[in-house]
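Structural overview
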Amino acid sequence: MPKNESLTGPSPLSTVTLQRGTSRGLSEQLRQLIEQAIGEGRLQPGARLPSCRDLAAQLGVARGTVRASYDMLVDGQFLQARGAAGTFVSALPPLKSAIASAERQLLAGIEEAEVPPLTFQMGIPASDAFPIKVWLRILQRQTRMQVSRPACYPDPRGSLALRQALVAYLSVARGLRCQADQIIITSGYAGAMGLIGLAMDFQGKTAWLEDPGFWVARRAVDALRVTPVAVPVDAEGLQVEAGIARAPDAAFALVTPGQQAPPGMTMSLARRHALLSWASREQRWIIEDDYLGELQPGHRAAPALAALDSEGRVLHIGTFSKTLTPQLRLGFIVVPTALTARFGEVCALLAPASSGLLHNAVAEFLREGHFMRHLRRMKRLYQERLEQMIAALHPHFPDLQRAGLAVIVRLPAVTPDEMIAQQAAKWGMAPSPLSIWYQQAEQCGAGLVLGAAHLPREGYARSAERLKALVDAQAVSS
């Protein structure tokens, strides 16, 4: 997999990270990252950039790579070349910079598109452990097979081969019994939620959401024109009775029963039965976000909630973003039998599935057993990295809580955790502020949620020290 090369130090380019072996060349990556730094104001107008020789030495790339990036940015009016005096950020960046900045603002806090992973970032798998040779061999074989077939439109629900492979995988790994017709391939979690919004009549209604819970899910529910109702979570998961008391007419409940985000507990069997009983009794729906699948370190994952659903009330969402790579933009929904025709029609008319080539490659990856072997390796790797991260953090932050593939650092209630997270980005770190995971201000806790997947080249110790310095600085200023 790509080998990360990064600049270190508190300079404006300290978070520049290049990835070798990707489809984007190093010079193009560097161009985009410098343009981003200019658009975000981290490189101010008039600032002098390092010489090509110096920047190339720090990044470990050829001088020509840096020169090509600088030339492209000069052509785009982001930089000015002043001969022997050096290369400088333009005094008046072009309109393109403002447009790019506006687009980033629109997506702020959801996903940093095309940006390499940072230390402590949530939701990104360990790319250095991806079985690239096996994957490329399968992808090449599927490409040859694809181009040799007569051209035709693919099934809008997704490749039959992948849906059949998922039937077998879900039965073994998640305890979920289903047929290929019940599975629809989507563009990740967001694509699944969008498809549900198109197929189900939820607009203007209310929904239960876990509190604390995945804040992107909350925004997705808002986008569906559904009113989210915060339902507290305890050691057993969603408090079903609290949900009934707060919103008895809710159209659906959106839950993460396998591993509740962010605290990390698994929903108890009693709560699962209570939630399914409510949905069956009131004819409501449950959307199960199985965002980690069986990728839970240290123990075998609990079966999916949908595995207990005998009344057809659960829509089960899974993705390959955290088990393989988010670059695939690949996920799936398992819908109850009664909804297969409705979802199939919506797929055909409004939201057909993506590339059949990728679907078939993933199907072969599953059928040949590579996926299960990969998951076993990843679980061991994440266990090791979690232990390393906790060991590095504990001397600085004694109040730690392990939460699945992450660690929660608890901070005093008045701590501006969002400000700390913003400042941490300048040092190549991406902690998630705990406060944004809460809906109710009176329940809100301060802290940082730290993912363990991306191992920094320098190890966790230095990042832990930097994070502690940022927290201490905010404590003094407040």
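Residues numbered from 1 in each chain as written. Predicted model: local features only at pLDDT ≥ 70, side-chain atom pairs only at ≥ 80, totals over all residues. Heavy atoms only, no water.

Note the following rule: UniProt positions are given in the numbering used here, feature names are shortened, and annotations may be inferred rather than shown by experiment.
For the chain, an unreviewed UniProt entry supplies the name PLP-dependent aminotransferase family protein and the organism Candidatus Pantoea gossypiicola. Under the UniProt heading Sequence similarities (unreviewed entry), the note attached to the chain is "In the C-terminal section; belongs to the class-I pyridoxal-phosphate-dependent aminotransferase family."

**Brief notes about helix 3 (residues 63-75)**
Quick note on the threshold: Put simply, DSSP H or I for four residues or longer makes a helix, DSSP E for two residues or longer makes a strand, and each gets a number counted from the N terminus. By this rule the span expected of a helix is its residue count minus one, scaled by 1.5 Å. Note on classification: 1.4 Å probe, protein chains only; a residue is buried when its accessible area is under 20% of the maximum for its type, exposed when over 50%, partly exposed between these limits. In this description, the arc belongs to the directions extending from the helix axis to the C-beta atoms. Note on contacts: a residue pair is in contact if any heavy atoms of the two residues lie within 4.5 Å.
Between its first and last C-alpha atoms helix 3 spans 18 Å; for 13 residues at 1.5 Å apiece the expected length is 18 Å, and the two agree. Every buried residue of helix 3 is listed here: Thr-65, Val-66, Ser-69, Tyr-70 and Leu-73. Along the axis of helix 3, the buried positions cluster into a sector of 130°, meaning they face one direction only. Where the residues of helix 3 are buried, they touch helix 1 (26-39), helix 2 (52-59), strand 3 (79-81) and strand 4 (87-89). Backbone geometry just downstream of helix 3 places Gln-77 in the positive-phi region, at approximately 70°.

**Re the nonpolar core**
Selection criterion: Note on terminology: a nonpolar core comprises buried Ala, Val, Leu, Ile, Met, Phe, Trp, Tyr and Cys residues joined through side-chain atoms within 4.5 Å.
If you look at the biggest cluster of nonpolar residues, it comprises 67 residues, and the most contacted ones within it are Leu-166, Leu-170, Trp-208, Leu-275 and Phe-320. When near neighbours in sequence (up to four residues on either side) are disregarded, Leu-275 contacts Trp-208, Leu-238, Val-240, Ala-253, Val-255, Met-267, Ile-286 and Leu-305. Listed in part, the 28 residues of the second largest apolar core include Leu-195, Ala-199, Leu-224 and Val-226.

**Observations concerning the packing of helix 2 against helix 3**
Our working rule: What counts as an axis is a line fitted to C-alpha atoms, over the stretch in contact for a helix, and the angles between N-to-C directions run from 0 to 180 degrees. Every angle not falling under 35 degrees, over 145, or within 65 to 115 is termed oblique; those three ranges are roughly parallel, roughly antiparallel and roughly perpendicular. The hand of a helix crossing depends on one turn: near helix anticlockwise from the far one by less than a right angle means left-handed, and clockwise means right-handed.
Viewed as axis vectors pointing N to C, helix 2 and helix 3 meet at an angle of 120°, and their least axial separation amounts to 8 Å. By the criterion of interaxial angle, the relationship of helix 2 to helix 3 is oblique. Crossing of helix 2 against helix 3: the hand is right-handed. Where helix 2 approaches helix 3, its residues Cys-52, Arg-53, Leu-55 and Ala-56 are matched on the opposing element by Arg-63, Val-66, Arg-67 and Tyr-70.

**Topic: the packing of aromatic side chains**
Going by this rule: Pairing of aromatic side chains here covers Phe, Tyr and the six-membered ring of Trp, requires ring centres within 6.5 Å, and sorts the geometry by plane angle: under 30 degrees stacked, over 60 edge-to-face, intermediate tilted.
For the coordinates displayed, the defined rule picks out 12 aromatic pairs. Between Trp-208 and Trp-278, the ring centres sit 4.0 Å apart and the planes meet at 20°, which makes this aromatic pair stacked. With Trp-208 in strand 6 (residues 206-211) and Trp-278 in helix 10 (residues 269-282), this pair connects stretches of sequence that are 70 residues apart. Residues Trp-208 and Trp-278 agree in their burial class; the two are buried. One aromatic cluster is present, formed by Phe-130, Trp-135, Tyr-169, Phe-320, Phe-332, Phe-365 and Phe-371 through successive ring pairs.

**Here we look at the packing of helix 5 (residues 132-148) against helix 12 (residues 356-367)**
Look at helix 5 against helix 12: their axes get within 9 Å of each other, and the N-to-C directions meet at 130°. Considering the angle they form, helix 5 stands oblique to helix 12. For the pair helix 5 and helix 12, the sense of crossing is right-handed. Contact with helix 5, carried on its side by Val-134, Trp-135, Ile-138, Leu-139, Arg-141, Gln-142, Thr-143 and Gln-146, involves Gly-356, Leu-357, Leu-358, Asn-360, Ala-361, Val-362, Glu-364 and Phe-365 of helix 12 and no other residues of that element.

**Observations regarding the sheet that holds strand 13 (residues 400-403)**
Keep this limit in mind: DSSP bridges decide pairing: two strands pair if at least two such bridges lie between them.
Taken in spatial order, the four strands of this open sheet run 13-14-16-15, and their pairing is antiparallel. The strands lining the two open edges of the sheet, one partner per strand, are strand 13 and strand 15 (432-433). Across four bridges, strand 13 lies against strand 14 (residues 406-411) in antiparallel orientation. Counterpart to Leu-400 in the pairing with strand 14 is Val-409.

**Comments concerning unusual backbone geometry**
Between Asp-211 and Pro-212 the backbone carries a cis peptide bond, its omega angle lying at 5°. Topologically, Pro-212 is positioned in the loop between strand 6 and helix 8 (215-223). For the bond running from Ala-261 to Pro-262, omega is 5°, close enough to zero to count as cis. With respect to the secondary-structure elements, Pro-262 resides in the loop between strand 9 (252-255) and helix 10. Positioned with a positive phi, Arg-225 is a non-glycine residue whose angle comes to about 65°.

**A word on the confidence of the model for the chain**
Spelled out, the test is: You can read pLDDT as the predictor saying how much it trusts each residue, on a scale of 0 to 100.
For the chain, the average pLDDT comes to 86, and 89% of its residues sit at 70 or higher. Of the regions scoring below 50 in pLDDT, residues 1-10 engages in 38 contacts with residues more than four places distant in sequence or in other chains. Confidence over residues 95-109 falls short of pLDDT 50; this stretch has 14 contacts with residues more than four positions distant or in other chains.

**Considerations on the pairing of strand 12 (residues 331-334)**
Of the two faces of strand 12, the one holding Gly-331 and Ile-333 and the one holding Phe-332 and Val-334 are both buried throughout. By the bridge criterion, four bridges tie strand 5 (residues 183-186) to strand 12 in an arrangement that is antiparallel. Across the sheet, residue Ile-184 finds its bridge partner in strand 12, namely Ile-333. With four bridges joining them, strand 11 (residues 314-319) and strand 12 adopt antiparallel strand pairing.

**Quick notes on the environment of Thr-256**
Inspection of the secondary structure assignment puts Thr-256 in the loop between strand 9 and helix 10. Once residues within four sequence positions are removed from consideration, Thr-256 is found in contact with Glu-210, Ala-261, Asp-289 and Tyr-291.

**Structural notes on the sheet that holds strand 12**
Read across the sheet, eight strands follow the order 5-12-11-10-9-6-7-8 without closing on themselves; strand pairing throughout is mixed. Of all strands in the sheet, those with a lone pairing partner are strand 5 and strand 8 (237-238), marking the two edges. When strand 6 meets strand 7 (residues 227-234), the two strands line up parallel, connected through six bridges. Its bridge partner being in strand 7, Leu-209 is matched across the sheet by Ala-230.

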